[in-house]
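Residue-level structural notes
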Protein chains: 4
Amino acid sequence: MAKSDLIEEKAPAPQAGSSRLNRFLNSVADAGLDLLRSTTGAKRPPKRTLLQHCHALLSTTGEASGTAIARAIVEGYRALETEARIEFLGALAREFDVDADAILAAGDSYRNDRSLKSLLALSAAVEPARQELFRRINTAPDGIATIVEMRRDLRRALDDHPELAAVEADLRHLLISWFNRGFLELRRIDWNTPAAILEKLIRYETVHAIESWEDLHRRLDSDRRCFAFFHPALPDEPLIFVEIALVRGLASAIPPLLDRLNGERGLRDPDTAIFYSINNCQEGLKGISFGDFLIKQVVLELARDLPSLKTFATLSPIPKFRSWLTREMQNPDSALVSGENRAALQAMENDAWIESHETREALEALLLRLCAAYLLEARQGDHPVDPVARFHLRNGARLERINWLGDPSSKGLRQSASLLANYVYDLDSIERNHEAYVVDHKVIASAQVTRLLGNGRR
Amino acid sequence: MAKSDLIEEKAPAPQAGSSRLNRFLNSVADAGLDLLRSTTGAKRPPKRTLLQHCHALLSTTGEASGTAIARAIVEGYRALETEARIEFLGALAREFDVDADAILAAGDSYRNDRSLKSLLALSAAVEPARQELFRRINTAPDGIATIVEMRRDLRRALDDHPELAAVEADLRHLLISWFNRGFLELRRIDWNTPAAILEKLIRYETVHAIESWEDLHRRLDSDRRCFAFFHPALPDEPLIFVEIALVRGLASAIPPLLDRLNGERGLRDPDTAIFYSINNCQEGLKGISFGDFLIKQVVLELARDLPSLKTFATLSPIPKFRSWLTREMQNPDSALVSGENRAALQAMENDAWIESHETREALEALLLRLCAAYLLEARQGDHPVDPVARFHLRNGARLERINWLGDPSSKGLRQSASLLANYVYDLDSIERNHEAYVVDHKVIASAQVTRLLGNGRR
Amino acid sequence: MAKSDLIEEKAPAPQAGSSRLNRFLNSVADAGLDLLRSTTGAKRPPKRTLLQHCHALLSTTGEASGTAIARAIVEGYRALETEARIEFLGALAREFDVDADAILAAGDSYRNDRSLKSLLALSAAVEPARQELFRRINTAPDGIATIVEMRRDLRRALDDHPELAAVEADLRHLLISWFNRGFLELRRIDWNTPAAILEKLIRYETVHAIESWEDLHRRLDSDRRCFAFFHPALPDEPLIFVEIALVRGLASAIPPLLDRLNGERGLRDPDTAIFYSINNCQEGLKGISFGDFLIKQVVLELARDLPSLKTFATLSPIPKFRSWLTREMQNPDSALVSGENRAALQAMENDAWIESHETREALEALLLRLCAAYLLEARQGDHPVDPVARFHLRNGARLERINWLGDPSSKGLRQSASLLANYVYDLDSIERNHEAYVVDHKVIASAQVTRLLGNGRR
Amino acid sequence: MAKSDLIEEKAPAPQAGSSRLNRFLNSVADAGLDLLRSTTGAKRPPKRTLLQHCHALLSTTGEASGTAIARAIVEGYRALETEARIEFLGALAREFDVDADAILAAGDSYRNDRSLKSLLALSAAVEPARQELFRRINTAPDGIATIVEMRRDLRRALDDHPELAAVEADLRHLLISWFNRGFLELRRIDWNTPAAILEKLIRYETVHAIESWEDLHRRLDSDRRCFAFFHPALPDEPLIFVEIALVRGLASAIPPLLDRLNGERGLRDPDTAIFYSINNCQEGLKGISFGDFLIKQVVLELARDLPSLKTFATLSPIPKFRSWLTREMQNPDSALVSGENRAALQAMENDAWIESHETREALEALLLRLCAAYLLEARQGDHPVDPVARFHLRNGARLERINWLGDPSSKGLRQSASLLANYVYDLDSIERNHEAYVVDHKVIASAQVTRLLGNGRR
């Protein structure tokens, strides 16, 4: 896609940039460089390959020269093309791995002596040398940003290079420790936020793309809110952010929320906060989840600041509805799509159907019913097929409403035939819903959604 | 000692206090509390013991309620007396430990199948459940401070309670990861620093106690410097700090440096920076070393800001000299202390010897020679007996001078018969010295120190 | 007094110190110095007297060299002894004064032509050149601090040097403009405030002296508040500050408020805020009043932050009661002090009277009655004799209570025979009281105070 | 013009916006409102006209209610249409003016008694009541911004309403005092600056319009600099800003500097700083000059930060060259434009001449010569006709070069037939040049410019 291509080329990685911490680490590395030079008598630090640097970094005991080597690794890695990066990571997989014999020996010792000492020896044996290597790389300027970037590169390469899985597991282990929620900071983003951070919102927003700075400004107006999580070592990099519209009543469609000329702005006493876009920013932090925590925290912030708010709800895409529907249509035994309907649904082949009053009339009730079935009944294992539904239901939200013509954009048509869902976060029932979902695999939904199934089902 | 008693009673633990992060985590915990209440229908959260809270925290999947439980554990732990804390930690040692059988089974699997999957299973098996428990406690307000405090409590209790060693090992493992040098921030401390931080310097300074705020002010004057490391999640808690005097020539004694009426202040173009006191602040972070890094970093900062500085050196205590000397004196076979000298040295039994011109004359050359022998030759394994010498030599410093009457305080007399040492940090030789010390166990010293040994020795 | 002596010698003036603005102005001045040098070809700027610098500053048109000259004036003035300063200010009075003939001529022109042009010419003529001189001095680093200091010096010298009155009038005019309330910033002072500002509280507190840093810490505890006004060009200099105790019920005595071991701290839900000390910090800003505004503003801040507060009141000295009383006692015709009482009052000659239960019993009712008469009836022109009463009554407060043994310190006995007054700031009646005081010269007091007069008076 | 129309409609005035100071002043005003209500017993403050509010504000003595009235005036004024504003200002001119008879009486008193008292009385008489009114309006939230706005409105209306000149003079007097250079803050603007400030650069840039956020980003790149002055009471409002390109050699044309795809960025070791755009932001502060000071200060900042810089120069428009040239062409007696040239110059009537190689060839030498004559010899009184030349020459800069095809934009052609000028700020000669310009009316220019005049002239 154009978007991710852009990211690939123009913005290869999150950068801690000019933060105080980074300047500090840079000065250490500079000094370490001097140390290296004076030790070796050379004007330039010894030319080494990236891998040689890695071995040197693991064996050094000098702190400052260690930082200089770590920086050389960071700079070296960042200068590599994708292919060379994969090669380098492959070398890390081979050369800094665990020693299987040592593990087995430590295992035997533990079998004979279940002491703490034996256990720690076994623990040490099962930890690849890579983890210490990455801990030391983290001391370089932009160290943490580069490590996050490495994991992104790994995740993209994993399918073709399964041998990298062990490296990915190491990074995941470290990042889970370092991005512990206790260290994250929630910040409000508004028009007083530095442009360097705002432009990242433009780059990272993929749910409803931000078209321009004017569009962004609209989304940060007085009747809008935006919050993001940050890590103190990446002060300029949002990790995840959420966009909210303050409105009256449950919003049913995206266009009015994004409309830049929309006259409602500055609304007094809104009663509803609509979470209309949530974006993870760092591909390299995927699976190190902050999203559920973010929504609930923002609900709390808003409830405190704006007492007029009574309802907290999302306006969410239903991303796999159309592809599921296509499979149903192709399934001759489908209980949901019968012959007549199948014909009607064919009309959707061309996006233009949305322009025809008649087609819309013909499809509305049918699609709402099918979508209700999709969200309430289509399962992947114990849980709904729809990933967005899984996310919010697991968080304890309730499926409140399905909205016809909620997102008539081309993407909206392709994904969900224009439908959008509202999930309501009701603080009083959130834990109960969460439990019902996790333990009993129940999809909590309002009566108006279950009624769509018709025939008194459910 | 009085000092640590004071810490025990009046200041039980570092507190992240009123930081933004803490206020944020508190609001989450408050909300989580509401969630817990609404789930259980109770007005108050269920009364549980600390241990039950721990089990609940490990099994919950709700983020916000998790934070509420974590806070209950933090508050509960802080309210405990020392004995009860030990009991609680003992329970953690038993109830959240590894499952030895599971480890052995995982070890067997790995023996049969050296796949990543088997390795990760074994890694998971050797990690006690406690580690995840502590990671979750970290999400509470004051979580990290409490975890540091737990380690302090453990370290104090270990001698009497060796069964707690496994818990200590877990905490150490986590803290090494979280206090990675890449996350620490160096800050200058001066008279514009908030009083809440300054009073901690007074509390934590143990090398040369700070007598009063006036004394502190003197140490932050324009011809003094002070730097500390901070962790972003403990913004009000110095982890380690160093005090420096900017002077002309190598300082040989402490009293002029601490003298509050000393006229030299505001010295123009000092040529020497004397590091006269380094203090680790957090007993709970002992062994998670920042000290070596701090000194070198501060040398770099000072060299950049004050180009007139040519020499960077310490004025350091020699803490175990007297106790070593006493052993030598009691050793009839001592090669260093012969009969006549032994008699002369008896004079030191009473601190008043320092007042007598004659005794001082009689002892000066003798003590300097013995101290040189102590620092250059007395070994514990491969390394010097003296802990301060070990620290600086390992850092790559050079033992430059031993100063007669450097610290005539009662403590100085008791520790080192008034002697103090200068260690010089010379950026050009620091790495080479470090290597010589680490690899060849060499004590790098100036000619004037080795000459003290006499007889052409060394 | 010892205090002001101290200020005189050790702290000759407020210093903007190391603020950003100052560093900036310094760099300009440095550059200007270079310009001056390169213009004149000299290595050092031309040696000139302070007065010559002043003439040069007024005639220069170069901005940067102007700043260099302004700095030379600031530094020169600060280096002068008191006597030399008076001389210099005297020269300003003579050499930069208005031109009387020019004023008369401009007056004649205006008489003939009442145009704006004539008016502006007359305005320009009546403004001494000094005002422009001071405006230019203000561009130097520490410029504003020095100008405030000049006014202090002038005020102290005025009695002996009435010829300086015109200079004082110029400074007053400028400072009223520059310290416009719209530019002032209210800041809360607490234990997180930089020590450099906190030590100024110790220095400037004259109502109830701060004995030590521990004493100061007590006054900034969680059940205490402190607020100050700052000017953006003097970011480290409080202009005026107020100390508040949060308590239950109207406080009647100072000692419990200042008691460092006092167990009440951390009081939950205080209902009363006691303003027990207000201090103007800058002698050079006397008469450029912020005090009334400060109290009301702080009342608003506290009311918003602490909804449990219902009463806002002072616990105030009655500074001139004893001296008034002495005059009454010496007045044989006094209607207030009759023979018997006069004898009883003699007991106060020695401060020890406060130790005697009997004397206290004998004096309590008598002194309360006399004090009520003093506050309610003793006038200087239309207003009360007591300056503190004048201040609070003018602000719209109500005299609420007179407290026996409120301040048994030696100063308290000397000033007011241990009595203290409470003035209540009641937002609902503050403007009405103010009006009654200003227009009708009424002293608004509670019934319990007026009852003290006895005999149904008032 | 479109630009200023936009400003008129969408951004009527600088706003201190959500600054701390403003929130503070608002809370005072809110409270004052309550006071007003409780005084009058009314729910809403008394409905008064703006003028009545002004009279009330001048007569009130209550601080808080004063702030409430001041805010009512600010809000009322901002809600007015242009015409109503003029009317209101006209009323201020009439109703709060000086009392001519009082002035004359005070003048007579002064004639008889040239005492300070008489002088101050005369000073008071010549100061219109408006000045105190404005001082009090300044205490409202957005007070200073509104006062700056009033002056803008006045300046626009003066031609049609000469009776407003006295009001303008009052505002000018106050603003000169309040915007004393000693209070201004120089800040660097870069991509980390809040978007709310950056968008103001887009709005205020009129020399070389900023087309988009991408254009702006280019101008804040690592090889660009931008600095602005701010006043502490208007923290979000740049007063004046300057844009700089760091390049090698004296830049001769604008397009490469603004080119967004330009490959030079990140240039190492630039030797020249080109000041290519300076913009005053606040029409209401016109004539309260900061520009000269800004340039010199920025030269100092850059010289310190980037030691590789050797030359500091502008690339400046020559705004009135074409209109002067047109007059010369129409002047049959012009000594500069003879018959043949007049014909050649006709070619410029259509902007397309710039596309024709031949025409360009034909005009280059001629236009350069004429422009040199314009800048060096065309006078308005003692000084050059060209306003930009006047500004830089007065600052002490030297006219260094005239650049053919420097600005081929439509605006550039219309103003100066594509020519641009470089003025060099050379710290060593700046004061000397300034003096030569101010005292002897000399235009300091390089030999290459004077040579353009030809014939050995000059």
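These figures come from a predicted structure and were not determined experimentally.

**Things to note about the overall build of chain A**
Secondary structure assignment for chain A yields 21 helices and nine strands. Out of the 458 residues belonging to chain A, those deemed buried represent 56%. The contacts of chain A with a sequence gap of at least 6 include a subset with a gap of at least 24, amounting to 72%. When the accessible area of chain A is evaluated, it comes to approximately 19100 Å², of which 49% is carbon and sulfur surface.

**Points about the interface of chain A and chain D**
In this complex, chain A contributes 12 residues to the contact, which on the side of chain D involves 12 residues. Counting the surface lost from both chain A and chain D, the interface buries some 1000 Å², and carbon and sulfur atoms represent 55% of this. Looking only at chain A, the three residues that lose the most surface to chain D are W191(A), N192(A) and W213(A), adding up to 49% of its buried area. The interface formed by chain A and chain D includes zero salt bridges. Viewed at the interface, chain D and chain A are joined by eight residue pairs in polar contact (both at pLDDT 80 or more). Those elements giving two or more residues to the side of chain A that touches chain D turn out to be α11 (195-204) and α12 (213-219) of chain A.

**Considering helix α6 (residues 100-112) of chain D**
For an α-helix, the turn length of 3.6 residues means that residues three or four places apart are oriented alike. The terminal C-alpha atoms of α6(D), which comprises 13 residues, lie 19 Å apart, in line with the 18 Å expected from a rise of 1.5 Å per residue. Residues A100(D), I103(D), L104(D), A106(D), G107(D) and Y110(D) constitute the buried set of α6(D). With its buried residues spanning 165° around the axis, α6(D) presents them on a single face. In α6(D), the exposed positions angled more than 90 degrees off the buried face are occupied by D101(D) and N112(D). Buried residues belonging to α6(D) abut α6 (100-112) and α7 (116-126) of chain C together with α7 (116-126) of chain D. At the N-terminal end of α6(D), a side-chain oxygen is found 3.0 Å from the backbone nitrogen of D101(D), two or three residues along, and the residue is D99(D).

**Side note on the pattern of salt bridges**
Counted under the stated rule, the structure contains 97 salt bridges over all chains. The salt bridge involving D108(A) is made with R111(B); its shortest N-O contact spans 2.7 Å. Separated into two different chains, D108(A) in helix α6 (residues 100-112) and R111(B) in helix α6 (residues 100-112) make up a pair that spans both. Note on D108(A): relative accessible area 32%, which makes it partly exposed. Judged by its relative accessible area of 36%, R111(B) falls in the partly exposed class. Across the pair E132(B) and R136(B) runs a salt bridge whose closest N-O atoms are separated by 2.9 Å. One end of the pair, E132(B), and the other, R136(B), are both in helix α8 (residues 129-137), four residues apart, so they sit about a helical turn from each other. Through salt bridges with shared partners, a single ionic network connects R78(A), R85(A), D142(A), E149(A), R152(A) and D153(A).

**Thoughts on helix α16 (residues 339-346) of chain A**
Residue and element names in this part refer to chain A. Listing the buried residues of α16 in full gives N341, R342 and L345. Looking straight down α16, one finds its buried side chains confined to an arc of 105°; they lie on one side. Exposed positions of α16 whose direction lies more than 90 degrees from the buried face are E340 and A343. Of the surrounding secondary structure, the elements contacted by the buried residues of α16 are α15 (321-330) and α17 (357-377).

**Comments concerning the environment of A335(A)**
If you trace the backbone, A335(A) turns up in the loop between α15 and α16. In sequence terms A335(A) and M348(A) are 13 residues apart; their C-alpha atoms lie 20 Å from each other.

**Here we look at the packing of helix α9 (residues 143-157) of chain D against helix α10 (residues 165-178) of chain D**
Residue and element names in this part refer to chain D. Put simply, α9 and α10 touch, their axes get as near as 10 Å, and they point 140° apart. The pairing of α9 with α10 is recorded here as oblique in orientation. In this structure, the crossing between α9 and α10 has a hand that is left-handed. In contact with I144, I147, V148, M150, R151, L154 and R155 of α9, α10 contributes V167, E168, L171, R172, L175 and W178.

**Here's the deal with the packing of aromatic side chains**
In total, this model carries 34 aromatic pairs over all chains according to the counting rule given. Taking the centre distance of 6.1 Å and the plane angle of 25° together, the rings of F321(A) and W324(A) count as stacked. Note that F321(A) and W324(A) are positioned in helix α15 at a spacing of three residues, about one turn of the helix. The exposure classification of F321(A) matches that of W324(A), with both residues buried. Taken together through their ring pairs, the aromatic side chains of W191(A), W213(A), W191(D) and W213(D) make up a single cluster. Against the face of Y204(A) rests R203(A), its NZ or CZ located 6.0 Å from the ring centre. Residue placement shows R187(D) over the ring face of F230(D); its charged tip is 3.6 Å from the ring centre.

**Structural notes on unusual backbone geometry**
All names here are of chain D. The backbone phi angle of L405 is positive, close to 60°, even though this residue is not glycine. When you line up the elements, L405 lands in the loop between β8 (398-403) and α19 (410-416). Given a relative accessible area of 28%, L405 falls into the partly exposed group. A positive phi angle, near 50°, is found at A417, a position not held by glycine. Mapping A417 onto the fold places it in the loop between α19 and β9 (420-424).

**Section: the relation of the copies chain A and chain D**
In the superposition of chain A on chain D (RMSD 0.1 Å, axial shift 0.1 Å), the rotation amounts to 179°. Considering both components of the superposition, the chain copies are consistent with a two-fold axis. It is P194(A) whose C-alpha, among those of chain A, lies nearest the rotation axis, at 2.0 Å. A share of 100% of interface residues in chain A that are also interface residues in chain D marks the association as one of identical surfaces.

**Description of the pairing of β9(D)**
Residue and element names in this part refer to chain D. For β9, the tally of buried residues reaches five of five residues, placing the bulk of the element in the interior. Judged from the five bridges that link them, β8 and β9 form a sheet pairing that is antiparallel. Looking at β9, one finds that N403 is bridged to L420.

**Some thoughts on the confidence of the model for chain A**
Residue and element names in this part refer to chain A. Mean pLDDT over chain A stands at 86; residues scoring 70 or higher make up 86%. When the criterion is pLDDT under 50, residues 35-46 qualifies, and its contacts beyond four places in sequence or with other chains add up to 18 contacts. Predicted complex, confidence summary: ipTM 0.84, pTM 0.86.

**As for the nonpolar core**
Residue and element names in this part refer to chain B. Membership of the largest hydrophobic core comes to 104 residues, with the highest contact counts inside it found for F179, F321 and L367. Element by element, the count of residues in this core is highest for helix α17 (residues 357-377), at 11 residues. For L367, the residues in contact, after removing those within four places along its chain, are F321, L325, L345, M348, W353, W404, A417 and L419.

**What about the packing of helix α3 (residues 50-59) of chain C against helix α8 (residues 129-137) of chain C?**
All names here are of chain C. Orientation of α3 relative to α8, taken along the N-to-C sense of each, is 90°, at an axis distance of 10 Å. Accordingly, the angle class assigned to the pair α3 and α8 is roughly perpendicular. Mapping the contact onto sequence places C54, L57, L58 and S59 in α3 and A129, E132, L133, R136 and I137 in α8. Taken together, the residues of the contact of α3 with α8 sort by class into six nonpolar, one polar and two charged.

**Comments concerning the side chain of S277(B)**
All names here are of chain B. Counting through the fold element by element, S277 comes out in strand β4 (residues 272-280). On the accessibility criterion, S277 (2% relative accessible area) is buried. Reaching out from S277, the side chain makes a polar contact with the side chain of E205 at a distance of 2.8 Å. Setting aside residues no more than four positions away along its own chain, S277 makes contact with E205, V207, H208, F241, V242 and E243.

**Looking at the state of the cysteines**
Evaluated as defined, the whole model comprises zero disulfides over all chains. Take C226(D): it sits in no disulfide, and the sulfur closest to it among the cysteines is that of C281(D), at 9.1 Å.

Definitions and cut-offs
- Once a new chain begins, its residue numbering starts again from 1 and follows that chain's sequence as written.
- A letter from A marks each chain and a number from 1 marks each ligand, given out in the order of writing.
- Local features in this predicted model are restricted to residues of pLDDT 70 or higher, and side-chain atom pairs are both shown and tallied only at a pLDDT of 80 or more, whereas totals for entire chains, interfaces and linings draw on every residue.
- Calculated side-chain values reflect all of the structure's heavy atoms, with hydrogen atoms and water omitted.
- To qualify as a helix, a DSSP run of H or I must reach at least 4 residues; to qualify as a strand, a run of E must reach at least 2; elements of each kind are numbered from the N terminus.
- The buried label goes to any residue with under 20% of its type's maximum accessible area, the exposed label to any with over 50%, and the partly exposed label to all in between, with areas taken from a 1.4 Å probe on protein chains only.
- Residues count as neighbours in contact if any of their non-hydrogen atoms are within 4.5 Å of one another.
- Methods summary: accessible areas were calculated by the Shrake-Rupley approach with a probe of 1.4 Å, and residue burial reflects only the protein chains presented.
- Throughout, buried area stands for the accessible area (probe radius 1.4 Å) lost by two parts on being put together, summed over both.
- Salt bridges are defined as contacts in which a side-chain nitrogen from Lys or Arg sits within 4 Å of a carboxyl oxygen from Asp or Glu.
- In the analysis that follows, any N or O atom pair within 3.5 Å is treated as a polar contact, provided that within protein one partner can donate a hydrogen and the other can accept it, and provided that, for residues neighboring in sequence, both atoms belong to side chains.
- Every helix has an expected span of 1.5 Å times one less than the residues it contains.
- In this context, the arc is that of the directions from the helix axis out to the C-beta atoms.
- Helix axes are fitted to C-alpha atoms over the stretch in contact, other axes to C-alpha atoms as well, and angles between N-to-C directions run from 0 to 180 degrees.
- Each angle gets one of four labels, with under 35 degrees taken as roughly parallel, over 145 as roughly antiparallel, 65 to 115 as roughly perpendicular, and the rest as oblique.
- Crossing handedness: left-handed means the near helix sits turned counterclockwise from the far one by under a right angle, and right-handed means the same turn made clockwise.
- Stacked, edge-to-face and tilted labels apply to pairs of Phe, Tyr and Trp rings (six-membered ring for Trp) whose centres lie within 6.5 Å, assigned for plane angles under 30 degrees, over 60, and everything in between, in that order.
- Any Lys NZ or Arg CZ that is within 6 Å of a ring centre and within 35 degrees of that ring's normal is treated as a charge sitting over the ring.
- Superposition of the copies used a least-squares fit over C-alpha atoms from residues whose pLDDT is at least 70 in both.
- Note on pairing: two strands pair once DSSP finds at least 2 bridges between them.
- The pLDDT value tells you how sure the predictor is about a given residue, anywhere from 0 up to 100.
- Buried residues of nine kinds, namely Ala, Val, Leu, Ile, Met, Phe, Trp, Tyr and Cys, make up a nonpolar core once their side-chain atoms join them within 4.5 Å.
- Gly is put with the polar residues, along with every residue not named as nonpolar or charged; the nonpolar set is Ala, Val, Leu, Ile, Met, Phe, Trp, Tyr, Cys and Pro, and the charged set is Asp, Glu, Lys and Arg.
- The disulfide criterion is simple: two cysteine sulfur atoms within 2.5 Å.

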